[in-house]
Amino acid sequence: MQLLDKVYKQNEVSWFTPAELFKPWYAHGIAESILRTANLSVPLKIYEIGGGSGTCAKGIMDYLKLNAPTRVYNSLTYISIEISSSLAKKQMETVGAVQSHLSRFRVECRDAANRSGWGEADQQPCWVIMLEVLDNLPHDIIYSRDQFSPWMEVWVEKQAERSELCELYKPVEDQLISSCMEILDLEKESDGRTSASLVRNVWAKVFPKPRRCWLPTGCLKLLEVLHGALPKMSLIASDFSYLPDVTVPGERAPLVSSKRDGKSFDHKSYMDAKGDADIFFPTDFWLLERMDHHCSGWLKPDQDKSSKKGKKRRTLTLDTSSFMEEFGLPSKTRTKDGYNPLLDDFKNTKIYLSVPTHNTK
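Residues numbered from 1 in each chain as written. Predicted model: local features only at pLDDT ≥ 70, side-chain atom pairs only at ≥ 80, totals over all residues. Heavy atoms only, no water.

Draft legend 1. Summary view of helix α4 (residues 55-67). For α4, spanning 13 residues, the distance from its first C-alpha to its last is 18 Å, which sits close to the expected 18 Å at 1.5 Å a residue. Of all the positions in α4, only T55, C56, A57, G59, I60, M61, D62, Y63 and L64 are classed as buried. (Helix = DSSP H or I, 4+ residues; strand = E, 2+ residues; numbered from the N terminus. Expected span 1.5 Å × (residues − 1). Buried < 20%, exposed > 50% of the residue type's maximum accessible area, 1.4 Å probe, protein only.)

Dropping the structure here:
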């Protein structure tokens, strides 16, 4: 902890990803999971979204060069999708430290959530890696003044005569918000037609309580694009399953913090965060799985419940420690007294694995 404190004070960042803190062992665990799961009879193609400084990419490529069959490394294509031009340059420098990686690695500087950047749909198997990406994707808020009133979209407006921002509530019209609500079955909660709903409505009238809910609309948009562009992709995503000491109200609310003089402090409202604040959203992995199935075409809200259509994805969510015990080399990060930061730290993170099945109907 003293070492971490020193590192953070030397670098004006709020936090480092596990891939950075535990290099190269974290990336090696990701690489081993791909080697064990991938169909190695076809060339291995890996996309990484939001690859930061390139630490994970280099770690994976190093591992494949040393441990995969020669033909797998020789035919490897590793593509980083990076929206930041400065990070794209840094990634090339990091990966380029090993000369042989350069012919197998490239960076495409674009927004992964923009469908046009992907071109025609690629029907070949591939892997998509997203490490600590979901916590920074855009979210929307919906609001209800009590337990039985309809959900409303939340808009943020800056009024001319006031310096601070304020919220406006409007009927739900945004398509991504509507889709998220359908996946969560939120609209059914408010229809009031079941006996349980009637009881809730009476209770709500006696004890009205406002409701706020944060929806991962940015994640849904990204998954829609990925499933459209890469229908046979396998997905690895890691992120925070919960965040401690969140003071911003609402279900799935974010942690909003700023850093000054090497110390972080949290904001009580997302509207207080201006300019230099970091925002971290917890990932609801149950919801992530439902959105993944939804975007694959299997889980549609209006689908006949008696349908015998099989799932198009096989999914698994693991604690990071369980994942690393299975695929990583935890002996490399164990300290003399038995404490292992790779397994014992970041207890609030999980890794989501999703691979295609043979169900195409």
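Read on, since the account is not over.
Draft legend 2. View of the packing of helix α3 (residues 25-37) against α4. The interhelical angle for the contact between α3 and α4, taken along N-to-C directions, is 55°, at an axis separation of 8 Å. In this view, α3 runs oblique relative to α4, as classed from their interaxial angle. Considering the relative orientation of α3 and α4, their crossing is right-handed. For the pair α3 and α4, the contacting residues are A27, H28, I30, A31, E32 and L35 in the first and C56, G59, I60, Y63, L64 and N67 in the second. (Axes fitted to C-alpha atoms, helices over the stretch in contact; angles between N-to-C directions. Parallel < 35°, antiparallel > 145°, perpendicular 65-115°, else oblique. Left-handed = near helix turned anticlockwise from the far one by under 90°. Contact = heavy atoms within 4.5 Å.)

Draft legend 3. Molecular detail of the sheet that holds strand β12 (residues 278-280). Here 3 strands make up an open sheet; going across it, the order is β11-β10-β12 and the pairing antiparallel. With one partner strand each, in any of the chains shown, β11 (263-266) and β12 form the two edges of the open sheet. The mean angle between the axes of side-by-side strands here comes to 30°, regardless of whether they run parallel or antiparallel. In this sheet, β12 lies alongside strand β10 (residues 255-260) in antiparallel orientation, the contact comprising 3 bridges. Along β12, the bridge assignment pairs S257 with D278. (Pairing = 2+ DSSP bridges.)

Draft legend 4. Local environment of the pattern of salt bridges. Scanning the model with the defined rule gives 12 salt bridges in all. Two residues, D146 and R145, come together in a salt bridge whose shortest N-O distance is 4.0 Å. Residue classification places R145 among the exposed positions, given a relative accessible area of 59%. One salt bridge connects D319 with K350, and the closest N-O pair in it is separated by 2.7 Å. With a gap of 31 residues between them, D319 in strand β13 (residues 313-319) and K350 in strand β14 (residues 349-356) connect regions that are remote in the sequence. Judged by relative accessible area, D319 falls into the partly exposed class, the value being 33%. (Salt bridge = Lys/Arg side-chain N within 4 Å of Asp/Glu carboxyl O.)

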